[in-house]
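Each chain, letter by letter, is given below.
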Amino acid sequence: MSTQKLAAFLVRVNFSQLPEEAVLRTKECFLDWIGSALAGKDAKPVTILEEFAQAMGPKSGTSEILVSRRRTSPFFAALVNAASSHVVEQDDLHNLSVLHPATVVFPAALAAAQDTGASGRDFLTAVVAGYEAGVRVGEFLGRSHYKVFHTTGTAGTLAAAAAAAHLLKSSPDAMLHTLGSAGTQAAGLWEFLRDGADSKQLHTAKAAANGLMSAYLCRRGFTGAKKILEGDQGMGAGMSSDPDPEKLVKGLGVRWGICDTSLKFHASCRHTHPSADALLLIMEKNRIDPTQIEKINARVYQAAVDVLGPVTDPQTIHQSKFCIGFVLALIAQKGSAAISDFTEAALRDAGLRSLSKRVHMTVDPAIDAAYPQRWGARVELEMKDGRHFSEHIEIPKGDPGNRLSRQEIEDKAMRLATYRNGATEKEMRELIERIWQMEEIPRMETLLRPG
């Protein structure tokens, strides 16, 4: 039973066995996630979910909601923090599983760690276990799953569950039941992109909260399906046409999912990044005048077309981050697609809109064959005077083979945290210092003091 083997491994993960690279990467991902969570402050979906948490949950509790500095139960803290960290499209991504691990794992792990008084080492170890579960489940479900399902909402539920269960010191049997309860709640469909709906934040909110709930229920003896992944009526059977159970267990303890995770550079859907990098390279190398661009063709892999294709006329800032035309128009005109570039004014900008309509996306067979191992793109630029330019990107900025530096990670977190005044520069400097020394923290307590 692949699920059983995975569950047993997740319980055995301990800090002493983690390679130094995994510990460092976990700290980097945590800092990156905190920035994204704070950048979601005052966003509509986050505000609504926090109002829901206030109405339905306790008025105080052991776990903190980062954007408001309020305290509540672990369930509602995980719910709101997961939503807020997925709003500005700057949270991390694992390529092979097509999963955003941080936005589901950290909210559940932080809430449970604060509730149980776990140490920094316990927290870091649980996060690694959560990433491992989510990455492997996402890879198991395969490309066919991602065409309809938002993997972060589905596999992410089990990722959150594994992290929380590890902090609750679950037995192998309890971890197995936890995964079963999480898997039966796994959900998230891509149809929301066509409407610019708020569902993406609901996916992460529920994945983190439901995963955490699964762990807490199983601690009291609640049972779940033991073969939720590979069973005849499990996730693989119902959500994929190409599930691969071997990917759940191959290389356990040798390959660590968190080490293969990418940090985002641009503030848009990760599928836009290879094309954005390629176009940025063309613009910088050739000093292109954006007003003289006739046409931009982005040659990409099929999954990029599946996700980005439905969004051709974005009506909201969030929807614009899933529009390849809008993102590349920003790159051409502004030289960046940063969090501060996606505004209501930009949505109404006639020049951006005009150039956006001249961006075309096609599937390149060679690039598609390399996906998801490599998220590549070739951008071809045609100028009004007949000149042509082309650049191919195989490893986008932020991928394991083209990583952000420590300074870039810190700078990004600072920009995000101060974007909507989620935290002050002083608070972030102090928090950054604590994160780099996280294994020395004896007890996970408040990250940001009430203002």
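Described below are features of the structure shown in this document.

Conventions used here
Residues numbered from 1 in each chain as written. Predicted model: local features only at pLDDT ≥ 70, side-chain atom pairs only at ≥ 80, totals over all residues. Heavy atoms only, no water. Salt bridge = Lys/Arg side-chain N within 4 Å of Asp/Glu carboxyl O. Helix = DSSP H or I, 4+ residues; strand = E, 2+ residues; numbered from the N terminus. Buried < 20%, exposed > 50% of the residue type's maximum accessible area, 1.4 Å probe, protein only. Expected span 1.5 Å × (residues − 1). Arc of directions from axis to C-beta. Contact = heavy atoms within 4.5 Å. Pairing = 2+ DSSP bridges.

## With respect to the pattern of salt bridges
Phase 1: With the rule as written, the count across this model stands at 26 salt bridges.
Phase 2: Ionic pairing is found between Lys412 and Asp32, a salt bridge with its closest N-O pair at 2.8 Å. Residue Lys412 is found in helix H18 (residues 406-419), and its partner Asp32 is found in helix H2 (residues 20-39); the two are separated by 380 residues along the sequence. With respect to burial, Lys412 and Asp32 carry one shared label: buried.
Phase 3: Two residues, Lys426 and Glu430, come together in a salt bridge whose shortest N-O distance is 2.6 Å. Residue Lys426 and its partner Glu430 are located together in helix H19 (residues 425-436), separated by four residues, close to a single helical turn.
Phase 4: For Glu430, a relative accessible area of 41% puts it in the partly exposed group.

## Some thoughts on helix H3 (residues 44-56)
Phase 1: End to end, H3 covers 18 Å across 13 residues, agreeing with the expected 18 Å (1.5 Å per residue, within 8%).
Phase 2: All buried positions along H3 are accounted for by Pro45, Val46, Leu49, Glu50 and Ala53. For H3, the buried positions fall inside an angular range of 125° around the axis, keeping them on one side. Looking at H3, the residues exposed on the side facing more than 90 degrees away from the buried face are Lys44 and Ala55.
Phase 3: Structurally, H3 contributes buried residues whose contacts are with helix H4 (74-84) and helix H9 (199-219).

## A closer look at the pairing of strand S7 (residues 377-383)
Phase 1: The alternating pattern of S7 places Ala377, Val379, Leu381 and Met383 on a buried face, while none of Arg378, Glu380 and Glu382, on the opposite face, is buried.
Phase 2: As paired strands, strand S5 (residues 293-300) and S7 are joined by six bridges and run antiparallel to one another. When the bridges of S7 are listed, Ile296 appears paired with Leu381.
Phase 3: Pairing of S7 with strand S8 (residues 388-393), which is carried by six bridges, proceeds in the antiparallel orientation. Looking at S8, one finds that Glu382 is bridged to His388.

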